[in-house]
Amino acid sequence: MKKVNNIAVLTSGGDAPGMNAAIRAVVRTGLYHHLNVFGVMYGYKGMLTGEIFPMESKSVANIIQRGGTVLKTARCKEFYEADGRKKAYENLKKFGIDGLVVIGGDGSFKGAQKFSQEFDIPCIGLPGTIDKDIAGSDFTIGFDTAVNTAVEAIDKIRDTADAHDRLFIIEVMGRDAGYIALHSGIATGAEHILMPERKTDIDDVINDLMANERRQKMVNLIVVAEGDEFGGANEVARHVKERMPQLDTRVCILGHIQRGGSPTCIDRLIASRMGYAAVDALMEGTHNVMIGIVNNKIQYTPLDKAVKAKQKIDPEWFKIVKILAS
Ligand code: F6P
């Protein structure tokens, strides 16, 4: 017997490519099981303002390939207050909603966790963030697209770096996680990757650049995660310029282009699988878990454990960087 009849879906926090594919999967799987499916605009904010509307199959036509989110997104402070959550609950109840799918990052899951403890609405989280910083899933929706965008951009930077014999210090997103830097740095053959999960001795970087200069290796790429210990690419460049003013050094901050664009096949695929699994979970009466994919299998993680994962990076990754860039 199904445990829910009327479910709602929302996107919350920073958008990530593949969110639309996840919304589509939730809506179409819900309809397939004869559930009523509602969309909530602007994340938790829409729950507070009552921007909730019924969705049909055609509401999600032609969106699987689109970046951003058709449900829009927001970060909503009011929802973190008890009064805000009560208002949100009352609005959901007006529509008879008895199950909620939240697509977002760990901040959004904290909100969902609190909400579901206070009220009788089970919440299922789907990890939607380019940062890949959530425990309980090998990949998050949006990460693969963001990394591919970064790789494409860094390849282009390499062309111009090569033409001018320049050092480029490139900053990528990730908030306080370095996965975009690590993956894009290896995939573009960067000489150094600076990320918050690993301490960097700036002297090592400088010594390496000096050794490269001696052997006339003039094109050098350093990929820096925005959350690194130095405070981003400009600060790293300041250190380098102080010690090696003769180097022709440029900084490029990739910024929000990493959040946009058509999702890759992998992001569409994981979003579709996770969206489908979220409806399954609600129908079987599972409460308050995040749907992840681990070793290519769907895995449930309790929402309170689906928090920022600050993992130790296996030193082998950095050995690879060093050996391949030598
Ligand atoms: O969490 C996704 C992310 O893009 C981070 O990588 C980045 O630090 C942050 O969001 C930027 O947030 P905003 O779009 O609010 O500036």
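The name given to the chain in an unreviewed UniProt entry is ATP-dependent 6-phosphofructokinase, and the organism recorded there is Chitinophaga lutea. A UniProt comment under Subunit (unreviewed entry) is attached to the chain, and it reads "Homotetramer." Quoted straight from UniProt, the Pathway (unreviewed entry) entry for the chain says "Carbohydrate degradation; glycolysis; D-glyceraldehyde 3-phosphate and glycerone phosphate from D-glucose: step 3/4."

On to the domain arrangement of the chain. Under the domain assignment, the chain is made up of domain 1 (6–142 + 263–305) and domain 2 (145–260). Here domain 1 and domain 2 have C-alpha centroids that lie 35 Å from each other. At the junction of the two partners, domain 1 supplies twelve residues and domain 2 supplies 14 residues. The junction of domain 1 with domain 2 conceals about 1100 Å² of combined surface from both sides, 53% of it contributed by carbon and sulfur atoms. It is I130, D131 and K132 that lose the most area in domain 1 upon contact with domain 2, and together they represent 45% of the buried surface on that side. Where domain 1 touches domain 2, the interface holds one salt bridge. Across the pair R259 and D15 runs a salt bridge, and its minimum N-O distance is 2.8 Å. Our count for the domain 1 to domain 2 interface comes out at five residue pairs in polar contact (both at pLDDT 80 or more). Class assignment for the residues of the side of domain 1 that touches domain 2 results in three nonpolar, three polar and six charged.

An ideal rise of 1.5 Å per residue puts 20 Å on 14 residues; helix α1 (residues 19–32) measures up with 20 Å between its terminal C-alpha atoms. Of all 14 residues in α1, ten are buried; the element is thus mostly enclosed. When we look at burial in α1, the residues that qualify are M19, N20, A21, A22, I23, A25, V26, V27, T29 and G30. Just past α1, the residue H34 takes up positive phi, approximately 60 degrees.

As a further point, take the sheet that holds strand β9 (residues 249–253). The sheet built from four strands is open, its strands ordered β7-β8-β6-β9 with parallel pairing. Taken across any chain shown, the strands that pair with only one partner, and hence form the sheet edges, are β7 (192–194) and β9. Neighbour to neighbour, the strand axes of the sheet diverge by 20 degrees on average, direction disregarded. Examined bridge by bridge, strand β6 (residues 167–172) and β9 share five bridges and lie parallel to one another. Across the sheet, residue E171 finds its bridge partner in β9, namely I253. Where helix α8 (residues 233–243) meets the sheet, its contacts fall on β6, β7, β8 (220–225) and β9, and the angle it forms with β6 comes to roughly 155 degrees.

With that settled, the discussion passes to the pairing of β8. Within β8, six of the six residues are buried, which leaves it mostly tucked inside the rest of the structure. By the alternation rule, side chains of β8 split into N220, I222 and V224 and L221, V223 and A225, which are all buried. Here β6 pairs with β8 via six bridges, running parallel. The partner of V172 across the bridge, within β8, is A225. Summarising the sheet, β7 and β8 pair through three bridges and their orientation is parallel. The partner of H192 across the bridge, within β8, is I222.

Cut-offs and rules
- Residues numbered from 1 in each chain as written.
- Predicted model: local features only at pLDDT ≥ 70, side-chain atom pairs only at ≥ 80, totals over all residues.
- Heavy atoms only, no water.
- UniProt positions renumbered as here; feature names shortened; annotations may be inferred.
- Domains from an automatic or database assignment.
- Contact = heavy atoms within 4.5 Å.
- Buried area = accessible area lost by both parts, 1.4 Å probe.
- Salt bridge = Lys/Arg side-chain N within 4 Å of Asp/Glu carboxyl O.
- Polar contact = N/O pair within 3.5 Å; in protein donor to acceptor, adjacent residues only side chain to side chain.
- Nonpolar A, V, L, I, M, F, W, Y, C, P; charged D, E, K, R; others polar.
- Helix = DSSP H or I, 4+ residues; strand = E, 2+ residues; numbered from the N terminus.
- Expected span 1.5 Å × (residues − 1).
- Buried < 20%, exposed > 50% of the residue type's maximum accessible area, 1.4 Å probe, protein only.
- Pairing = 2+ DSSP bridges.
- Axes fitted to C-alpha atoms, helices over the stretch in contact; angles between N-to-C directions.

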